[in-house]
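Now for the letters of each chain:
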Amino acid sequence: MRGSPPTIDHEITLIPLSTQFSSGIGKEPGRISQAPLDALETTRFPPTADVTSDVGQTTVSGGDVGWAETAVAALVCVLILVLAGAPVAIALRLRGLWLAASSSLFGMSAITTAAFVAPLVLVPWSVLPVLVVSLTVSAAVAGLLHFFPRTRPLVHVTSRWHGLEPFTTAIGLAAILIGLRLVAAIGSPDLFAQEHDNVFHLNAVRYVLDTLDASPNGVVQLSAPGSSSNYPSTWHALNALVIQITGVTVPVASNAVLLTVACLIWPAGALLLTRELFGYSRPLMLAAGVVSAGLPVFPLLLVADIGAYPLVMSIALLPAVLAAALSLAKLSHGEPLGRWRSVIILVGAAPALLGTHPSSIATLVALSVPLVVVVGIRAFKSQASSGARLIVLLAMVTYATGVLLFLLVFRPTFQGNSGLETLAGAVGSALVFSLADLPPALAVAALSLVGAVSAIRSRRTGSIAAVALWLAGLSLYVISAGPDTFVRGVVTAAWYRDPMRLAALTAVTVVPIAAYGASTVWAWLGSRLRPHIPAGGGRVILGAAATVLLIVATQGAAMAAVSTMTRASFDPTEKAPGVRVPLSADARELIARIPSLVPEGDLIAGNPRDGSSFAYALTGRRVLLPHLLSPRTADVEAFNQGFRTATPSDPACGAARTLGIRWVLQTRAPVAAVDPVWGGLSGLERSPNVEVADRVGSAVLFRVVGCGL
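The present account deals with the structure reproduced in this document.

So, how was this worked out
- Residues numbered from 1 in each chain as written.
- Predicted model: local features only at pLDDT ≥ 70, side-chain atom pairs only at ≥ 80, totals over all residues.
- Heavy atoms only, no water.
- Helix = DSSP H or I, 4+ residues; strand = E, 2+ residues; numbered from the N terminus.
- Buried < 20%, exposed > 50% of the residue type's maximum accessible area, 1.4 Å probe, protein only.
- Areas by Shrake-Rupley, 256 points an atom, 1.4 Å probe, with all protein chains shown as cover.
- Disulfide = S-S within 2.5 Å.
- Polar contact = N/O pair within 3.5 Å; in protein donor to acceptor, adjacent residues only side chain to side chain.
- Contact = heavy atoms within 4.5 Å.
- Pairing = 2+ DSSP bridges.
- Axes fitted to C-alpha atoms, helices over the stretch in contact; angles between N-to-C directions.
- Arc of directions from axis to C-beta.
- Patch = residues over 30% accessible without salt bridge, like charges linked within 9 Å, V, L, I, M, F, W, Y side chains within 5 Å.
- Salt bridge = Lys/Arg side-chain N within 4 Å of Asp/Glu carboxyl O.
- Lys, Arg positive; Asp, Glu negative; His and termini not counted.
- Charge placed at Lys NZ, Arg CZ, Asp CG, Glu CD.
- Phe/Tyr/Trp six-rings, centres within 6.5 Å; stacked < 30°, edge-to-face > 60°.
- 1 Å grid on protein atoms, 1.4 Å probe; cavity = no way out; pocket = protein on both sides within 12 Å on 5 of 7 lines; lining within 4 Å.
- Points joined across faces, edges and corners; volume = space filled by probe spheres on them.

A closer look at the overall build of the protein chain
Scanning the protein chain from N- to C-terminus turns up 26 helices and five strands. Each of the 709 residues in the protein chain was classed as buried or not, and the buried ones make up 58%. Counting every atom, the protein chain has about 25,500 Å² of accessible surface; 66% of that belongs to carbon and sulfur.

Regarding the state of the cysteines
Enumeration according to the criterion identifies one disulfide in this entry. Here Cys-653 connects covalently by a disulfide to Cys-707, the sulfurs 1.9 Å from one another. In this structure the cystine formed by Cys-653 and Cys-707 twists about its S-S bond by roughly -60°; its chirality is therefore left-handed. Highlighted residues: Cys-653 in helix H26 (residues 651-659) and Cys-707 in the segment after strand S5 (699-704), separated in sequence by 54 residues. Accessibility classification places Cys-653 together with Cys-707 in one group, the buried group.

Things to note about the side chain of Ser-103
Take Ser-103: it is sitting in helix H3 (residues 96-117). Classification of Ser-103 as buried rests on a relative accessible area of 7%. Of the polar contacts made by the side chain of Ser-103, one reaches the backbone oxygen of Leu-99; its length is 2.6 Å. Dropping the residues within four chain positions of it, Ser-103 is found in contact with Leu-81, Gly-85, Ala-86 and Ala-89.

Looking at the side chain of Thr-492
You can see Thr-492 is positioned in helix H19 (residues 486-492). In terms of polar contacts, Thr-492 uses its side chain to reach the backbone carbonyl oxygen of Arg-488, at 2.6 Å. Excluding residues that lie within four positions of it along the chain, Thr-492 makes contacts with Leu-476, Ile-479, Ser-480, Arg-497 and Leu-502.

Description of the sheet that holds strand S2 (residues 622-623)
Two orientations exist for strands paired in a sheet by backbone hydrogen bonds: parallel and antiparallel. Strand order in the open sheet formed by five strands is S2-S1-S3-S5-S4, and the pairing between neighbours is mixed. Each of the sheet's edge strands pairs with one partner strand only, and the pair in question is S2 and strand S4 (690-696). As paired elements, strand S1 (residues 603-605) and S2 share two bridges and run parallel to each other. Across the sheet, residue Ile-604 finds its bridge partner in S2, namely Val-623. Those strands touched by helix H23 (residues 585-597) are S1, strand S3 (661-666), S4 and S5, and its axis lies near 125° from that of S4.

Focus: helix H16 (residues 423-431)
Among all positions in H16, only Ala-426, Ser-429 and Ala-430 are buried. When H16 is viewed along its axis, its buried side chains cluster within an angular range of 100° and face the same direction. The positive-phi residue at the C-terminal boundary of H16 is Phe-433, with phi of around 55°.

Here's the deal with the pairing of S3
For a regular strand, side chains alternate in direction, first toward one face of the sheet and then toward the other. Among the six residues in S3, five count as buried, and that is most of the element. Sheet analysis places S1 next to S3, joined by three bridges and oriented parallel. Across the sheet, the residue bridging to Ile-604 is Trp-663, located in S3. The sheet contact formed by S3 and S5 spans four bridges and is antiparallel. Residue Trp-663 lies in a different strand from S5, and its bridge partner there is Arg-703.

What about a positive patch on the surface?
Taken together, Arg-150, Lys-330, Arg-339 and Arg-378 make up a surface patch of like positive charges. Along the chain, Lys-330 falls in the loop between helix H12 (309-328) and helix H13 (339-356).

Some remarks on the pairing of S5
Summarising burial for S5: five of the six residues are buried, a large majority. What sits between S4 and S5 in their antiparallel hairpin is a turn of two residues, with Gly-697 showing a positive phi close to 60°.

Considering the packing of aromatic side chains
Summed over all chains, the structure comprises seven aromatic pairs. When the centroid spacing of 4.1 Å and the interplanar angle of 5° are considered together, the rings of Phe-278 and Tyr-516 count as stacked. Of this pair, Phe-278 sits in helix H9 (residues 250-278) while Tyr-516 sits in helix H20 (residues 499-529), and the two are 238 residues apart along the sequence. Each member of the pair, Phe-278 as well as Tyr-516, is classed as buried.

Looking at the layout of surface pockets
Roughly 660 Å³ of internal volume is contained in the largest pocket. Around the largest pocket sit 25 residues that line it, and Pro-283, Trp-522, Gly-543, Ala-546 and Thr-547 are the ones nearest its centre. Those elements that provide at least two residues to the lining of the largest pocket are helix H5 (164-186), helix H10 (282-292), H20 and helix H21 (537-554). Here the lining of the largest pocket takes nine residues from H21, the largest share from any one element.

Note that all results are geometric; they support no functional claim without further evidence.
What follows is the structure, encoded as structure tokens:
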């Protein structure tokens, strides 16, 4: 898997939210169309003396921070989402599982909206604008339901709180299983995923804290100064809120938010989607909780592969949105939401999806196709006249064509990811759930097949919709993992044709069908074993044994493999296998000393691919390239290519003076000394332009003393 071309989470270039779907999605990432690159500032940092603070700074030594502090930060994250989202859900008269799942959804939307609006009204980023947006929206929703009786629910969703215990048990079980995996993989809460995308994500959190601007356009200024485009910033905005309230470091906040999303938001949404597709039963809910924690493709894979934290958040929100879509299409077997509340949830979810990762919109559109097909077939069968049936058929074809056109428009320019195997091999991998080069998850695969067969035999519309969703999710992966074809380019371009991303997306559609398969097996076994087991304690023991067996079956080799990958991503060694931006313990110790050596406002140069750019997130000191994809201006290129041997009259020295570079950080011995792009930063110890300010092992901090500085 590590041999595939690196996938890049933040190369999607967004235009203002008001025109996001009209144009500009396919612009080349990191490029500014209004001006040539050499006319741009390299990085736009805030005036340090005015706004920089010590909040969120860390020593990154590994092991200095306890998990109790992380747990407090995670609890604060939960409270933020509850305070931001629950008022809207309560105003919408949601109860039970709908209330739990939709609160996080509305909370993310409130954060997204507040982040967008706050700088427009000159309000610095804090929890205050989030609460104002939440209360305003909840008041509007309550007023809508009060003054327009048609929008009110016929019945309260889960108005009777009976059956809540299986939901809390299932979510709690999933939280424990996922949490144990994540805690073991992270190792120490002040460590972080040393992956391509996380260089930007951690630095963007620091940038929000320094600028107090969490807007999509504000965050994009970190890596593309002067850009009028937008970058989804909800993940970074939420992290900044957690840090502002608790004072934890940037890595600790990142881990706390990840734990919240993976352990609570994801299983709650998965349970809700499973219930809406198949109805309610205790075994079904418990199975959904266990299966949601036993999928190697999510959430660990995206963290281990590229550190795509916003995409993890986006996928975790999708099940609740799909559940609302099912209710709107009258395919739900849960308690009815009603048309208007379904519409309100879908509209209310839009800011959350756009703010976390816009590809979730493409996912929602793609997965709506099987739902439309099921609804269309139902309508086709119910129509008596041939003319009416023809209209239904034409409507279905028109919708499918519209989806393809949407996917053609809604895609980034970057299309560098190749497939992993042949088409037949990809189909085989999907059948045994061996996605993204991971070992087969045979238990999940077997339960999915049992669930699909049972759902088809039931002939219930919701069950058929579940099968259609399952096939659609796997088909997207098969197309992406297979050979390069025109179809692959059209269908999977919105996800960079990346098999890893589409493998993660299958989790949304696999949990319900696999959980239904597990409950079917349980019903079959129960019908044969119950007559021989006394009621009461005996049956409780049998149910507990079945749950333990399901846990063991789903926590197998595939989960162990992805856990090992994730642990390597957090491993503070210079030679961690497969890690793209490794930082050794020596480098972390040196970075921890930077605040005592480098004055505030000074600029640090370095090759971002050796991990030096993490210094901004960890210390608050400015770095020349805070993002692996930061546009390299003519001055930056001149400095990187010629600084070591430059004389005061050379372009490299001129660039050093123009950019104000006072320090150069190398976190390990240069690995690309012959690369002309970074040739000016190799062999600096022999350069008259610098002196060693500090050294820990192979990590060195140089002070610039030449070039007329």
